[in-house]
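# Per-entry structural report
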Amino acid sequence: MSRIPKYPVAAKENRPAISNTRNVTRTIGSGLSETDKKNLLLNHTKPMRNAPVASAPAPRIKRSATVPAPSVVPSKITKVEKKSAAVAPKIAPYDYKARFNDLLEKHKGIKSELSELRDKHVEVSDEYERVKETVEGSIAERDMLKEKLLNTLKDLRQKSIEYESLKIDHEIKKQENEELLGKANLLEDITNSLKLKSLEFDRLKIEFDELSRRHKSLSEEAEALRVLTDHLKKISVEHDKLQLDYKDIVDVMTKTKTDTDALQNILATMYTDQRVLRNTVQDLKGNIRVYCRVRPPLETEASKPLYNLNVLDACSIEVEKIELLNSVRKGKSQHSFSFDGIFTPHSTQEDVFAEVSQMVQSALDGYNVCIFAYGQTGSGKTYTMEGGSGEEQYGIIPRAINMIFTCMGDLKRMGWDLAIKASFLEIYNEVIYDLLNSCKDQVNHEIKMMNSKGTDLYVSNLKEEEVKSSHDFIRLLLFAQRNRQTAATINNERSSRSHSVAQIKITAINEKRKEKFTSNLNLVDLAGSESGKTTQRMDETKHINRSLSELSKVILSLQTNQSHIPYRNSKLTHLLMPSLGGNSKTLMLVNINQFDECFGETLNSLRFATKVNSCRSIKAKKNLTQLGDL
């Protein structure tokens, strides 16, 4: 620890009062005795001798006993003393005035010196106060540090005592730890020895248990072998008997396999004959078949007036509108029509599909099939094709896909592997849209020929989805329904404003027979025909009526056997070209309702259906190829 210097304690001193402002002249005069005054006058009045006489300096005024002598004389005071020590010029003894002036000059010098000394006194006093305060602070700090030092020394002594005590305890503990370590080593050696003995005991125990188990197992095996030996003798006798039975069964199986192959060939031949017979029946009925379905009024339409509708037989219908004037019968008009079948208002969806299912079967036999619904808006076309909720309300499209997947099992048993693909499109304002694509901006879809003959067509950039079950197809159908253009009209709250086409592509391969066929089933829901005076969507109606008008022209051209058929005048007729005049079987469902206000549109629909029914297309061919020819 560094030593703290001891400062001397300054004794209290009485500083002279600065307020003493007595006249310097009076002070000097009063400070001299009478003898000194006389000597001063004599010295100034004596005449000059030859030898120069140095004037004695005036006696200094003694300092007060209370004022401490400064240790260092200021530089200013030193200068004053030097000036006063300078030799004054000689003055004649008789020149009292000069002597007086000299005294005045000396008085002024002394006065100036006194003023400087006072200023210096003030400075020294201030410095003294600062030094005094510093000394007092240093003394207080010294005392505090001294007290801290004493406390530190006291604590150090206490810690030293504690350290010595802990050192002794440490030595004792060290000896005890060494003793315990020796005991622990001894105990560890004993423990290791016990572990080795335990392991050896466990090993011997395991070996004993293993030997016991093996002994028991060998005893059981010996007993089992004895039993098996007895049983083996019995089995040997049965084995000889089974060998004889096996030979008989192999012979029976060989004969059965031969019979099965013969039956499979007979079944395939029967299936082929059945398909030929079904196709013959379809050809006799006509490749273009027309059915008429009458929609029953809904509960909300019970108050609407109806025209007379009479079903003459299973294929003929008669409509009649009675015009009244002043409640007097003025006249009536009757119109009779004949089709391939009539579905009355009481016919169910199942009744309709019972007739249509023959066309679906033709698609499974390898023929192209087209089924489309035609009629006025609100006449039940969409309900006929798609149906409602629940299996009983299913329309032609969901029932057709159910029938296809039901027949797939029978076809697989006969060696056919089927693949089903589905696509959905609509023709809205003479533009084709992919209903499986929900984007508003779609690429252009064009109708193109599949081959150079022009008998089959396809739509470019159309999305096809492979379906594995009826559920997959229904999901796609619902998705397409949400994307289809519909709107409210006068006759129908949710009218289809576009022609919708559901295309089902069936591909079947029979590896045994090396045969393959591909067929297309087109299910078309045409937009509703409606008079321009009764619609609020004139632009859509113009395109719909125009496409239906072009369809009428195509039917008329086919009916009159013209050389040019205007298929390309509209997207609808171009798409239906293979169905109307090509390699396809076609079924048309004309839908009508019984309301008096729709009588004119009903007549137009029935007349158009009659034209279609009178058309005769070429005989449809089966799309069958041999796998070796591919």
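My aim in this report is to walk through the structure given alongside it, one point at a time. In this numbering scheme, every chain counts its residues from 1 along its sequence in written order. In view of the model being predicted, local features appear only for residues whose pLDDT reaches at least 70, and side-chain atom pairs are presented and counted only at 80 or more, with totals across whole chains, interfaces and linings using the full set of residues. Water and hydrogen atoms play no part in the side-chain values, which are based on all heavy atoms of the structure.

## A word on the overall build of the chain
Helix and strand definitions follow DSSP, with helices as H or I runs of at least four residues and strands as E runs of at least two, each counted in order from the N terminus. Along the backbone of the chain there are twelve helices and 17 strands. Looking at the 630 residues of the chain, the share that counts as buried comes to 32%. Long-range contacts, defined here as pairs at least 24 residues apart, represent 71% of the contacts in the chain between residues at least 6 apart. Here, Shrake-Rupley sampling with a 1.4 Å probe gives the accessible areas, and only protein chains in the shown set may cover a residue. As displayed, the chain offers around 41,300 Å² of accessible surface, 56% of which is attributable to carbon and sulfur atoms. Residue exposure (1.4 Å probe, protein chains only): buried if accessible area is under 20% of the type maximum, exposed if over 50%, otherwise partly exposed. Contacts between residues were defined by any pair of non-hydrogen atoms, one from each residue, lying within 4.5 Å.

## Details of helix α5 (residues 349-364)
A helix is expected to span 1.5 Å multiplied by its residue count minus one. Between its first and last C-alpha, α5 extends 21 Å over 16 residues, near the 22 Å set by a 1.5 Å rise per residue. Buried residues of α5: Gln-349, Val-352, Phe-353, Val-356, Ser-357, Met-359, Val-360, Gln-361, Ser-362, Ala-363 and Leu-364, and no others.

## Quick notes on the nonpolar core
Core analysis: the biggest nonpolar cluster contains 48 residues, and Ile-317, Phe-339, Leu-580, Met-588 and Ile-592 have the highest contact counts within it. Non-local contacts of Met-588, meaning those with residues more than four positions away in its chain, are made with Arg-289, Val-290, Tyr-291, Phe-372, Tyr-374, Phe-608, Ala-609 and Val-612. Definition of nonpolar core: a set of buried residues of the types Ala, Val, Leu, Ile, Met, Phe, Trp, Tyr and Cys, connected through side-chain atoms within 4.5 Å. Judged by nonpolar contacts, the second largest core, of 45 residues, contains Leu-418, Ala-422, Leu-476 and Ala-502.

## Focus: the packing of aromatic side chains
For any pair of aromatic rings, the description rests on two quantities: the centre-to-centre distance and the angle between the ring planes. Stacked, tilted and edge-to-face are the three classes assigned to paired rings of Phe, Tyr and Trp, where Trp is represented by its six-membered ring and a pair needs centres within 6.5 Å; plane angles under 30 degrees give stacked, over 60 edge-to-face, the rest tilted. If you walk through the whole model with that rule in mind, you get six aromatic pairs. With a centroid separation of 5.1 Å and an interplanar angle of 75°, the aromatic rings of Tyr-307 and Phe-599 are classed as edge-to-face. With Tyr-307 in the loop between β1 (288-295) and β2 (308-311) and Phe-599 in helix α12 (residues 599-613), this residue pair connects regions lying 292 residues apart in the sequence. The burial state of Tyr-307 is the same as that of Phe-599; both residues are buried. Throughout this description, the term charge over a ring refers to an Arg CZ or Lys NZ atom that lies within 6 Å of the ring centre and within 35 degrees of the ring normal. The lysine or arginine in question, Lys-304, covers the ring of Phe-595, its NZ or CZ lying 5.0 Å from the ring centre.

## Some remarks on a negative patch on the surface
Patch building starts from residues that exceed 30% relative accessible area and form no salt bridge, then joins like charges within 9 Å and nonpolar side chains (Val, Leu, Ile, Met, Phe, Trp, Tyr) within 5 Å. Whenever a carboxyl oxygen of Asp or Glu lies within 4 Å of a side-chain nitrogen of Lys or Arg, that contact is scored as a salt bridge. Under this rule, positive means Lys or Arg and negative means Asp or Glu; His and the chain ends count for nothing. Every charge is mapped onto a representative atom, which is NZ of Lys, CZ of Arg, CG of Asp or CD of Glu. The grouping of Glu-350, Asp-351, Glu-391 and Glu-392 at the surface amounts to a negative patch. On the secondary structure map, Glu-392 appears in the loop between α6 (381-385) and α7 (396-413). Residue Glu-392 is classed as exposed on the basis of its relative accessible area of 69%.

## Focus on the packing of helix α9 (residues 538-559) against α12
At a closest axis distance of 9 Å, the pairing of α9 and α12 adopts a crossing angle of 40°. As summarised for this structure, α9 and α12 are arranged oblique, according to the angle between their axes. Here α9 and α12 pass one another in a crossing that is left-handed. Counting all contacts with α9, which are made through Leu-551, Ser-552, Ile-555 and Gln-559, the residues of α12 involved are Phe-608, Lys-611 and Val-612. Here an axis means a line fitted to C-alpha atoms, over the contact stretch when the element is a helix, while the angle between two N-to-C directions is reported on a 0 to 180 degree scale. Any angle between 65 and 115 degrees counts as roughly perpendicular, while under 35 counts as roughly parallel, over 145 as roughly antiparallel, and the rest as oblique. Each crossing is labelled by how the near helix is turned from the far one, with a counterclockwise turn of less than a right angle marking it left-handed and a clockwise turn marking it right-handed.

## Notes on the pattern of salt bridges
In total, this model carries 16 salt bridges according to the counting rule given. Ionic pairing is found between Glu-210 and Arg-213, a salt bridge with its closest N-O pair at 2.4 Å. You can see Glu-210 and its partner Arg-213 sitting in helix α4 (residues 96-285), three residues apart, about one turn around the helix. The class for Glu-210 is partly exposed, based on a relative accessible area of 34%. Residue Glu-515 pairs with Arg-513 through a salt bridge whose shortest N-O separation is 3.8 Å.

## Notes on the pairing of strand β14 (residues 499-510)
Most of β14 sits inside the fold, with nine of its twelve residues counted as buried. For two strands to be treated as a pair, DSSP must find no fewer than two bridges joining them. Alignment of β14 against strand β15 (residues 515-525), held across eleven bridges, turns out to be antiparallel. Residue pairing for β15: Ser-500 is matched across the bridge by Asp-525.

## Observations concerning the side chain of His-499
Structurally, the position occupied by His-499 is in strand β14. Given the relative accessible area of 3%, His-499 is considered buried. His-499 has contacts with Leu-425, Glu-426, Ile-427, Arg-484, Asp-525, Leu-526, Ala-527, Ile-544, Ser-547, Leu-548 and Leu-572, leaving out every residue within four places of it along the chain.

## Observations concerning a nonpolar patch on the surface
Judged by side-chain polarity, Leu-186, Leu-187, Ile-190 and Leu-194 come together as a nonpolar surface patch covering roughly 410 Å² of accessible area. Mapped onto the elements, Ile-190 comes out in helix α4. Since its relative accessible area comes to 44%, Ile-190 is described here as partly exposed.

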